[in-house]
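Here's the letter readout for the chains.
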Amino acid sequence: MPSTQRTDHEGWPGIRGYLDTAAYGLPPTAATHAMRGWVDQWAEGSAPFADWLSATDQARGLFASLIGGDGGEVATGTSVSQLTGLIAGSLPDGSRVLAPEGEFASLLFPFLAQADRRITVREVPRDRLLDAIGSDTDVVACSAVSSSDGQVAPLRELADVARAAGARTVVDAAQACGWLDADWWRFDAVITSAFKWLSCPRGVAFMALSQELLNDVRPTAAGWFASDERQQYSGGPLRLAGDARRLDISPVWSSWTAARESLNVLLTVGVPAIEHHDLRLANRLRAGLGHPTQRSPIVIVDGEEVAAALHRAAIVCSPRPAGARLSFHLYNNEDDVDRALDALADLELREQS
Ligand SMILES: Cc1ncc(COP(=O)(O)O)c(C=O)c1O
């Protein structure tokens, strides 16, 4: 078993037993303070309006740095489905979309909702996705990390095969950005909500996209916040920002104020170090359960009694019909793993398939 390291990351207040980042991530202390401060300012009517607005741009820049890009290539929004909807709604009539079976609804539904424009979505078993990409594919839509079992998609191959076939790639990185060290700029669009591994509040989402795709996306949700210089509050003509900001929607002020702090903490630690930490803990749990090592901080434990046993041990995780999903992030340490192993020690567990 790897050596023990039971200290807490200084950015978080030291909460034990929270193994559910795949549902939502916990805020660093600085983000909690920012959110509380925002509520006070709101209640007092003392809004530093300029700061509320610049929080979105600063968070955008921090996110861009986290994935190795530039803020001008990143649009902001509120959810994966809302940002995916911009792309789906801009596809030419009759476009052919390919997705893995069981893909998360927020990525899938925006394309399915275009059926009246003869846009088709072909769903194939996840392990056959690469083989299914061909000249009849216009778009491949796929999660980088599956929320159901934590498996990481073959990202490099996906980008290469799709490019060779002339298909665009739209990747949902909601379970990946914040821990997975990947070359995100291989894809045409990478979309993520920030409330999981990015430790931000709900209401913060990003879409990093190529200039080619940006040229084709219709800014159907644009308002004053997407306008050129953010100066156009009323009347036409339509004058939008020249870069990805043209796809922004008006920001959820409170959330972005806290998001800026969360992203700052994550960037200071760095994604490679976060991946190392998260995988070390997840693989410590796997080792204790006799499961093979994997590159994912999400661990599925199968067994009828699993969820109840973890609940009794005050471990927060996501129950499954016959098991549980546990996930590890920067604010967890070995004590969390060992508490889970103790809780599961006497149970009949099924072999991991
Ligand atoms: C893979 C994946 N995509 C997206 C989301 C969230 O989507 P949205 O921001 O549309 O609620 C989740 C979890 O809630 C998820 O697991």
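It should be noted that the structure appears before, not after, this text.
Residues numbered from 1 in each chain as written. Predicted model: local features only at pLDDT ≥ 70, side-chain atom pairs only at ≥ 80, totals over all residues. Heavy atoms only, no water.

Visitor: Would you mind going over the overall build of the protein with me for this structure?
Guide: The helix and strand inventory of the protein stands at 11 helices and 10 strands. The C-alpha atoms of the protein give a radius of gyration of 21 Å, which matches the 20 Å a tight globule of 353 residues would have. Referenced to the eigenvectors of the C-alpha coordinate spread, the extents of the protein come out at roughly 70 × 55 × 30 Å. A total of 353 residues make up the protein; the buried ones form 53% of that total. Carbon and sulfur atoms make up 51% of the accessible area of the protein, which amounts to about 15300 Å² in all. (Helix = DSSP H or I, 4+ residues; strand = E, 2+ residues; numbered from the N terminus. Rg over C-alpha atoms; globule rule 2.2 N^0.38 Å. Buried < 20%, exposed > 50% of the residue type's maximum accessible area, 1.4 Å probe, protein only. Areas by Shrake-Rupley, 256 points an atom, 1.4 Å probe, with all protein chains shown as cover.)

Visitor: So what exactly am I meant to see when it comes to the sheet that holds strand E10 (residues 323-327) here?
Guide: Two orientations exist for strands paired in a sheet by backbone hydrogen bonds: parallel and antiparallel. Strand order in the open sheet formed by 3 strands is E8-E10-E9, and the pairing between neighbours is antiparallel. With partners counted over all chains shown, the strands left at the sheet margins are strand E8 (298-302) and strand E9 (318-320), one partner each. Within this sheet the neighbouring strands show an average axis-to-axis angle of 25°, counted without direction. Bridging between E9 and E10 involves 3 bridges; their strand directions are antiparallel. Its bridge partner being in E10, Arg320 is matched across the sheet by Gly323. (Pairing = 2+ DSSP bridges. Axes fitted to C-alpha atoms, helices over the stretch in contact; angles between N-to-C directions.)

Visitor: What is the right way to read helix H3 (residues 80-90) from this model?
Guide: Within an α-helix, residues lying three or four positions from one another point in the same direction, as the helix has 3.6 residues per turn. Across the 11 residues of H3, 8 count as buried, placing the element largely inside the fold. Buried within H3 we find Val80, Gln82, Leu83, Thr84, Leu86, Ile87, Ala88 and Ser90. Residues of H3 that are buried in the fold lie against strand E1 (74-77), helix H4 (105-112), strand E5 (168-172), strand E6 (189-193), strand E7 (205-209) and helix H7 (211-216). (Contact = heavy atoms within 4.5 Å.)

Visitor: Looking at this model, I keep getting lost on the sheet that holds strand E2 (residues 96-100). Mind explaining?
Guide: The sheet built from 7 strands is open, its strands ordered E1-E7-E6-E5-E4-E2-E3 with mixed pairing. At either margin of the open sheet sits one strand with a lone partner, and together these are E1 and strand E3 (120-124). Within this sheet the neighbouring strands show an average axis-to-axis angle of 20°, counted without direction. Pairing between E5 and E6: 3 bridges, direction parallel. Following the sheet pairing, Val170 is matched in E6 by Ala189. Sheet strands touched by helix H2 (residues 49-66): E1, E6 and E7. Its angle to E1, the strand with the most contacts, is close to 130°.

Visitor: Where do I start with the pairing of E8 in this structure?
Guide: Strand residues, when the strand is regular, have side chains that alternate between the two faces of the sheet. In terms of residue burial, E8 counts as a mostly covered element, since 4 of its 5 residues are buried. Two strands pair when backbone bridges link them, and E8 and E10 are joined in this way by 5 bridges, in the antiparallel orientation. When the bridges of E10 are listed, Ile300 appears paired with Arg325.

Visitor: Is there a simple way to explain the side chain of Arg286 in this structure?
Guide: Relative to the assigned elements, Arg286 resides in helix H9 (residues 271-289). It is Asp149 that comes nearest to the buried, bridge-free Arg286 among opposite-charge side chains, at 9.2 Å. Setting aside chain neighbours within four positions, we find Arg286 in contact with His291, Pro292, Thr293, Gln294, Ser296, Ile298 and Val299. (Lys, Arg positive; Asp, Glu negative; His and termini not counted. Salt bridge = Lys/Arg side-chain N within 4 Å of Asp/Glu carboxyl O.)

Visitor: How should I be thinking about the nonpolar core in this particular structure?
Guide: Soluble globular proteins: nonpolar side chains tend toward being buried together. Counting 55 residues, the largest nonpolar core has Phe63, Cys177, Trp184, Phe187, Leu198, Phe206 and Leu263 as the members making the most contacts within it. Counting residues per element, this core draws most heavily on H2, which supplies 6 residues. Those residues in contact with Trp184, other than ones at most four positions away along the chain, are Ile67, Ala144, Leu155, Val171, Ala173, Ala176, Cys177 and Val190. (Core = buried A, V, L, I, M, F, W, Y, C linked by side-chain atoms within 4.5 Å.)

Visitor: Even after reading the chapter, I still don't get empty space enclosed by the protein, so can you show me in this structure?
Guide: Over the atoms, a rolling probe the size of a water molecule traces out where space has been left empty. Here the structure, examined in full by the defined rule, presents 1 cavity of 30 Å³ or more. Reported here for the largest cavity is a volume of approximately 40 Å³. Every residue along the wall of the largest cavity is listed here: Phe63, Leu66, Ile67, Cys177, Gly178, Leu180, Trp184, Leu198 and Val271. Of the residues contributing to the lining of the largest cavity, the split by class is 8 nonpolar, 1 polar and no charged. (1 Å grid on protein atoms, 1.4 Å probe; cavity = no way out; pocket = protein on both sides within 12 Å on 5 of 7 lines; lining within 4 Å. Points joined across faces, edges and corners; volume = space filled by probe spheres on them. Nonpolar A, V, L, I, M, F, W, Y, C, P; charged D, E, K, R; others polar.)

Visitor: Please clarify how the site of the ligand should be interpreted in this entry.
Guide: For the ligand, the set of nearby residues contains 14 residues, the closest of which are Ser106, Asp172, Ser193, Lys196 and Arg202. Residue Val80 places a main-chain N or O atom 2.9 Å away from an oxygen atom belonging to the ligand. One of the side-chain nitrogen or oxygen atoms of Gln175 is found 3.0 Å away from an oxygen atom of the ligand. A total of 400 Å² of accessible area belongs to the ligand in isolation, and the protein chains cover 90% of it. Residue composition of the shell around the ligand, by class: 4 nonpolar, 7 polar and 3 charged. (Near = heavy atom within 4 Å. Polar contact = N/O pair within 3.5 Å; in protein donor to acceptor, adjacent residues only side chain to side chain.)

Visitor: Please explain the packing of aromatic side chains as it appears in this structure.
Guide: Applying the stated rule across the entire model yields 13 aromatic pairs. Their ring planes at 55° and their centres at 5.5 Å tell us that Trp12 and Tyr331 sit as a pair that is tilted. Of this pair, Trp12 sits in the segment before helix H1 (29-44) while Tyr331 sits in the loop between E10 and helix H11 (334-344), and the two are 319 residues apart along the sequence. The two residues Trp12 and Tyr331 agree in class, both being buried. Judged by centre distance (4.2 Å) and plane angle (0°), the ring pair of Phe63 and Phe206 falls under stacked. (Phe/Tyr/Trp six-rings, centres within 6.5 Å; stacked < 30°, edge-to-face > 60°.)

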